[in-house]
Amino acid sequence: MYSSFSTRQKERSINVMEIKVGKSKLSIIKGDITEQKTDAIVNAANQQLAPGGGVAGAIHRAAGPALWEECKRLGGCKTGQAQITKGYSLYARFVIHTVGPVFNNTEKNKTDLADSYRNSLEIAKNHGIKSISFPSISTGIFGYPVGQAAEIAISTITKFLKQNQEIELVQIVLFDDSSYNIFALEAEKYQ
Ligand code: ADP
């Protein structure tokens, strides 16, 4: 019993990594974004803001059909931009939908991905949101290499937090071990 308890403790401790950015905190965690209790969660959406597969499908399933009803009324979202809706049946009060770039190895991919993170944080700040969870935008169906995406994600978030202390907690929630390890390694550079 004791040894299985300590193994669980150990697993938990190696699946969370935190860095302080001024008064705010950036946490890299392994988990399911639909279960997060932050004020907002971010959806890696498509331009139609339709349910689809991957993280968007999971968020729409957990939020319930009212989320898609609200999304339909927004009239889509351009790459790098973000839109906000209510969270419905999720723990999170809000969903911020952002469309990351489809990877084709261009310089524009980098600015689009940074824009997705920054515009999501900007909307969060404007709505008084204090805590927010991101998935790894664009690294699933959209094919962005995780290492390159982690660099952009963490540099954009830390830069934003340095200039905007209103947001107290940003989490990046990784679904698989490999993505978690890559993001955690990148975050270590900021410790
Ligand atoms: P994109 O189209 O932007 O690439 P995807 O949804 O295909 O978005 O994938 C983005 C990342 O989200 C992938 O690393 C995928 O494994 C991950 N993901 C899928 N479901 C979840 C979930 N429930 N919670 C957190 N991350 C998830």
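Given the structure is predicted, the values throughout are model-derived calculations rather than measurements.

> Help me understand the packing of helix α4 (residues 107–126) against helix α5 (residues 146–163), please; the structure alone is not making it clear to me.
The description of two packed helices rests on the angle between their axes and on the distance between the axes. The contact between α4 and α5 brings their axes to 9 Å, and the two run at 35°. The element α4 and its partner α5 pack so that their crossing is right-handed. Here Lys-110, Leu-113, Ala-114, Tyr-117, Arg-118, Leu-121, Glu-122 and Lys-125 of α4 come into contact with α5, specifically with Ala-149, Ile-152, Ala-153, Thr-156, Ile-157 and Phe-160. A per-class count over the contact of α4 with α5 returns nine nonpolar, one polar and four charged.

> What should I look at first to understand the pattern of salt bridges in this one?
Opposite charge on two side chains permits them to pair, given that their charged atoms come into close proximity. Evaluated as defined, the whole model comprises eight salt bridges. Measuring nitrogen to oxygen at the nearest pair gives 3.0 Å for the salt bridge that ties Glu-107 to Lys-110. Of the two residues, Glu-107 and Lys-110 both sit in helix α4, three residues apart, roughly one turn of that helix. Overall, the relative accessible area of 37% leaves Lys-110 in the partly exposed class. Asp-112 is the salt-bridge partner of Lys-108, the closest N and O atoms lying 3.0 Å from each other.

> Would you take a moment to explain the sheet that holds strand β7 (residues 169–174) for this structure?
Pairing is mixed in the open sheet, where seven strands are placed in the order β1-β2-β7-β6-β3-β5-β4. Whereas interior strands pair on both sides, the edge strands pair on one side only; in this sheet they are β1 (16–21) and β4 (82–86). When strand polarity is set aside, the average angle formed by the axes of neighbouring strands in this sheet is 20°. Judged from the four bridges that link them, strand β6 (residues 131–134) and β7 form a sheet pairing that is parallel.

> It is not clear to me how the pairing of strand β3 (residues 40–44) should be interpreted in this structure. Could you clarify?
Working note: regular strand, side chains alternate between the two faces of the sheet. Of all five residues in β3, four are buried, a share of seventy percent or more. Pairing of β3 with strand β5 (residues 94–98) involves five bridges; the strand directions are parallel. Residue pairing across strands places Asn-43 opposite His-97, the latter belonging to β5. For β3 and β6, the ladder comprises two bridges, and the chain directions are parallel. Bridging across to β6, Ala-40 finds its partner in Ile-132.

> Just to check I follow, could you spell out the environment of Glu-122 for this structure?
Structurally, Glu-122 can be placed in helix α4. With 69 residues separating them along the chain, Glu-122 and Gly-53 place their C-alpha atoms 26 Å apart.

> Sorry if this is basic, but what is going on with the nonpolar core here?
Soluble globular proteins: nonpolar side chains tend toward being buried together. The biggest cluster of nonpolar side chains holds 39 residues, and the ones touching the most others in it are Ile-28, Ile-96, Ile-132, Phe-134, Ile-157, Val-170 and Phe-183. Here this core takes nine residues from α5, the largest share from any one element. In this structure Ile-132 touches Thr-38, Ala-40, Val-42, Ile-96, Ser-120, Leu-121, Ala-124, Ile-167, Leu-169, Val-170 and Gln-171, once residues within four positions along its chain are discounted. Core analysis: the next-biggest nonpolar cluster, separate from the first, contains 15 residues, Ile-41, Ala-45, Leu-49 and Ile-59 among them.

The rules we used
- Residues numbered from 1 in each chain as written.
- Predicted model: local features only at pLDDT ≥ 70, side-chain atom pairs only at ≥ 80, totals over all residues.
- Heavy atoms only, no water.
- Axes fitted to C-alpha atoms, helices over the stretch in contact; angles between N-to-C directions.
- Helix = DSSP H or I, 4+ residues; strand = E, 2+ residues; numbered from the N terminus.
- Left-handed = near helix turned anticlockwise from the far one by under 90°.
- Contact = heavy atoms within 4.5 Å.
- Nonpolar A, V, L, I, M, F, W, Y, C, P; charged D, E, K, R; others polar.
- Salt bridge = Lys/Arg side-chain N within 4 Å of Asp/Glu carboxyl O.
- Buried < 20%, exposed > 50% of the residue type's maximum accessible area, 1.4 Å probe, protein only.
- Pairing = 2+ DSSP bridges.
- Core = buried A, V, L, I, M, F, W, Y, C linked by side-chain atoms within 4.5 Å.

These figures come from the coordinates and say nothing about function on their own.
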